[in-house]
Amino acid sequence: MNRSQSPKAFAFSLETDDRTDEERKQGKVAKKDHLVSALGTGNLDGPKAPMDTNDQEEMEETKPTIRFNLNFDKKSKGVEESKEERDGKRFDIKRLFEAVASGDVMKLEGLHQYLHHSMKKLSNSEYQSYGKNALMKALLNLSDGKNNTVEFLLDISERMGDIKEFVNAAYTESYYKGQTSLHVAIERRSSYYVQILVRKGADVQAKACGKFFQPRDGPSFYFGELPLSLAACTNQPEVVDFLMDNEYQSANVRDTDSQGNTVLHALVMVADNTRENTDFVTSMYDHILTSNARLHPKCRLEDMENNQGLTPLKLAAKMGKIGLFEHILHREFQESHTKHLSRKFTEWVYGPVHSSLYDLASLDSYEDNSVLEILVYGSEIPNRHEMLEIEPLSHLVEEKWNKFASRIFFFNFLVYLAYLIVFTIIAYNKKNGTPPFPIEHTTEGYLYLSGQLLTALASCYFFVRGIIDMKRKRPNLQTLMIDGYCEIIFFMQAVFFLVSAVLYHSGRQEYLGFMVVCLALSWVNVLYFFRGYRCLGVYSVMIQKMILGDFIRFLFVYIVFLFGFSAAVVALLIESPVTNTTNTNTDTTTTTTTTNTTGRGRGLSEPLHPDEMCLRPAYHNISFTTLELFKFTIGIGDLDFSGHHKHTTMFYILIISYIILTYVLLLNMLIALMSRTVEKITMESTVIWKLQRAIAILDLEKGLPHCLRKRLRSGVEKDLASRTREDRRWCYRVEEVNWNKWNINLGIINEDPGSGDWVQPSPSSSTPETGRSWRGFFREVSRRHHMQPRHRQQTRDSTEMSPLSNTPV
């Protein structure tokens, strides 16, 4: 016996049985038929039985049960009731479920007497279908929020002494496993029955952990398994308040489900970025947060991590829940007892200018597994470039670029340019002959060897760096259109050089082909450094999206046409090619026409020996035909065709059809699609360029030593403590302009504008900028405001502080 298994798995239960021998045999046959059907053609992924049905409930094979036969002595005594009389008194699962589903208490008349007489309880296995009992059946069949049989059943169960087992019975079928009556009452939005069940002893920490309640493909409803999470995810604040604070059994908000998610994580999971959903999720999120702070002041619920090491904020970033994510970053409470829950603090407001402090906890890439890293490197997040535009992330990335990344990036560009020059010189001054070549002990020889070693070291670096990047980012076609593919080209460049080096030392002439491809890719990778400059970066983004979008689709269609028509032309004109043999003597010159008996044309790149037969390439050669048709596509084809073939007319029909389909149709369609793509991504290219630059910034930051990263850390340390609570945080100041609400708040939060640094920053923090004029400040902030995407301007509202007093300033 496995010691890890619970003793309950092997427990026996004693129940009474008043069925006749015939009914008992029918039950065994039905159970055997059900088992055969389950092992035969049943759906392994779906449920064995529905959650509820109006038809007859399917019965599961129960755990080992010892049943006492109440009819064992009736035959010997000659006392036997008629079938009609017995059925009128007896309550089986079918009769019981039909009665509670109808909601008619009269149909349950005599139930208590029957249970008492037969020594049965409502929690017995014979009154359950895969764990579902009569109470769940009644709650699943509410009419206008009521079912009078619920109170009746609870009263009988309480009188029979099994109320705890009755209200806490749970589904045993793997699809709906763990769901209890409390879950059903919450899902049916019945606060009345929720309170009754909790008073009767329902477990408020019961977990519905079946497949239906897990995040997966297909029909499912994930809500965090717990009753509190279910109430929160279905927008029932009254039930949430009752479960969190009641005199019977209060829910533990720190309890987690099988994935380690708390109720706040569950709210993040059900968010879908629509306005209505975001409104209720953010409202419920704040409601639970403030209620928990009131009930459990020392519990930091928002800092709890799930099994993936993600807090609710990080989970919202990883799943692209931009509405809830923005709300959490901009959350600001005014009341003194909840102000410590804020992540945004307004320092001062003067006219349309707002100076706000944002809490950098879990945001800055100075910390491990930060929100900024999740967004920048999370290639599976579809809207991460939009999420990076939310404050304070936008200003934070911009400050990192201006503070250190721009200089390091430009230095890396100069180093890469030097590498390109050296590599180009080495390739241009290649040696002829069979490699490997001996080292020349001259100045030029040593310089040539040094250039080769430098190029080899750089290629090894690109190779290792490419493996690390691909392991971390796991790129696919969709993410490459946003992240770019320069890292992949760097990796391919390194692979081609390493293959070339192996061929070089193996004495193969083919090393030269791999080396020149590596050289071409090396120059193409200069596009990576376009990320450092706005105009070139946006242009590079457009090129990447067109290559991976319109051009790839065009290429697939074009290859089909090219090889299709090439094969057709070769099949039409293939025959024994005509060759010329030229013999040159001292006296006379004789030209003899012969026939190549092999029936094959020579490849275009094969050299001709002076004594060999001269073979003129023609359309019966597949390589020549493909190349000539490609020339027709780009408008430089030459219709060099002699008319001695039999199928001249069909040949011209094929060529003209090919020209119309490719040169006229496909090329013009490609031009039209590219024009539409440029117009479509003009606005989007800017934010994608910012994302690509952010990737470069974080890559550079990770390469810095820890002491230098600490010195270059953004933000200042602030003491935001109140009279009763100590609260020191690392914050980042953002100054914004909002002309829509500039005249609402006339109060000054701390002191005069520009004097918000009332706490001395730590030595490691950056010093504030000086020498900025108000005119230049307004112009800069206004320009940044108008550069934001339109859809973000429509939905983003700054949180205004209420005036401290009504006295005119």
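Residues numbered from 1 in each chain as written. Predicted model: local features only at pLDDT ≥ 70, side-chain atom pairs only at ≥ 80, totals over all residues. Heavy atoms only, no water.

1. Overview of the packing of helix 24 (residues 534-573) against helix 26 (residues 648-702)
Condition: Axis definition: a line fitted to C-alpha atoms, limited for helices to the stretch in contact. Angles are taken between N-to-C directions and run from 0 to 180 degrees. A run of H or I in DSSP becomes a helix once it reaches four residues, and a run of E becomes a strand once it reaches two; helices and strands are each numbered from the N terminus. To sort the angles, those under 35 degrees are grouped as roughly parallel, those over 145 as roughly antiparallel, those from 65 to 115 as roughly perpendicular, and the leftovers as oblique. It is the rotation of the near helix from the far one that decides the hand of a crossing: anticlockwise by less than a right angle makes it left-handed, clockwise makes it right-handed. Gly counts as polar in this scheme, as do all residues outside two lists: the nonpolar Ala, Val, Leu, Ile, Met, Phe, Trp, Tyr, Cys and Pro, and the charged Asp, Glu, Lys and Arg.
At a minimum axis distance of 6 Å, the contact between helix 24 and helix 26 shows a crossing angle of 165°. Of the possible angle classes, the one that applies to helix 24 and helix 26 is roughly antiparallel. Handedness of the helix 24/helix 26 crossing: right-handed. A class-by-class count of the residues in the contact of helix 24 with helix 26 yields 30 nonpolar, 9 polar and 5 charged.

2. A word on a nonpolar patch on the surface
Stated formally: For patch detection, residues must exceed 30% relative accessible area and be free of salt bridges, and they are connected within 9 Å for like charges or within 5 Å for nonpolar side chains (Val, Leu, Ile, Met, Phe, Trp, Tyr). Where accessible areas are quoted, they stem from the Shrake-Rupley method and a 1.4 Å probe; at the residue level, only the protein chains shown are allowed to cover. Each reported salt bridge corresponds to a side-chain nitrogen of Lys or Arg within 4 Å of a carboxyl oxygen of Asp or Glu. Throughout, exposure labels follow a simple rule: accessible area from a 1.4 Å probe, protein chains only, divided by the maximum for the residue type, with under 20% read as buried, over 50% as exposed, and the rest as partly exposed.
A cluster of nonpolar side chains, contributed by Ile547, Phe551, Leu555, Ile559 and Phe563, occupies part of the molecular surface with about 400 Å² of accessible area. Considering the arrangement of structural elements, one finds Phe551 in helix 24. When its relative accessible area of 32% is taken as the criterion, Phe551 is described as partly exposed.

3. Some remarks on the side chain of Ser291
To be explicit about the condition: Two residues form a contact once any of their heavy atoms are found within 4.5 Å.
By secondary structure assignment, the location of Ser291 is in helix 14 (residues 275-295). Those residues in contact with Ser291, other than ones at most four positions away along the chain, are Asp241 and Met244.

4. What about unusual backbone geometry?
The omega torsion across Glu391 and Pro392 is 10°, close enough to zero to call that bond cis. Turning to its location among the elements, Pro392 is positioned in the loop between helix 18 (384-387) and helix 19 (393-428). Each neighbour pair has its own omega, and for Pro435 with Pro436 the value is -5°, a cis peptide bond. Positionally, Pro436 belongs in the loop between helix 19 and helix 20 (443-473). Positive phi outside glycine occurs at Tyr130, with the angle close to 55°. The phi dihedral of Asn273 falls on the positive side, at around 70°, and the residue is not glycine. Residue placement: Asn273 occurs in the loop between helix 13 (263-270) and helix 14.

5. Details of the packing of aromatic side chains
Worth spelling out the cut-off: Think of it this way: a Phe, Tyr or Trp ring, Trp meaning its six-membered ring, pairs with another when their centres are within 6.5 Å, and the plane angle makes it stacked under 30 degrees, edge-to-face over 60, tilted otherwise. Put simply, a charge is over a ring when the Lys NZ or the Arg CZ is close to the ring centre, within 6 Å, and near the line of the ring normal, within 35 degrees.
The final tally for this structure, using the stated rule, is 34 aromatic pairs. The interplanar angle of 45° and the centroid separation of 5.9 Å between the aromatic rings of Phe409 and Tyr528 together place this pair among those described as tilted. Taken as a pair, Phe409 in helix 19 and Tyr528 in the loop between helix 23 (511-524) and helix 24 lie far apart in primary sequence, 119 residues in all. Note on Tyr528: relative accessible area 14%, which makes it buried. It is Arg713 that lies over the ring of Trp730; its NZ or CZ is 4.1 Å from the centre.

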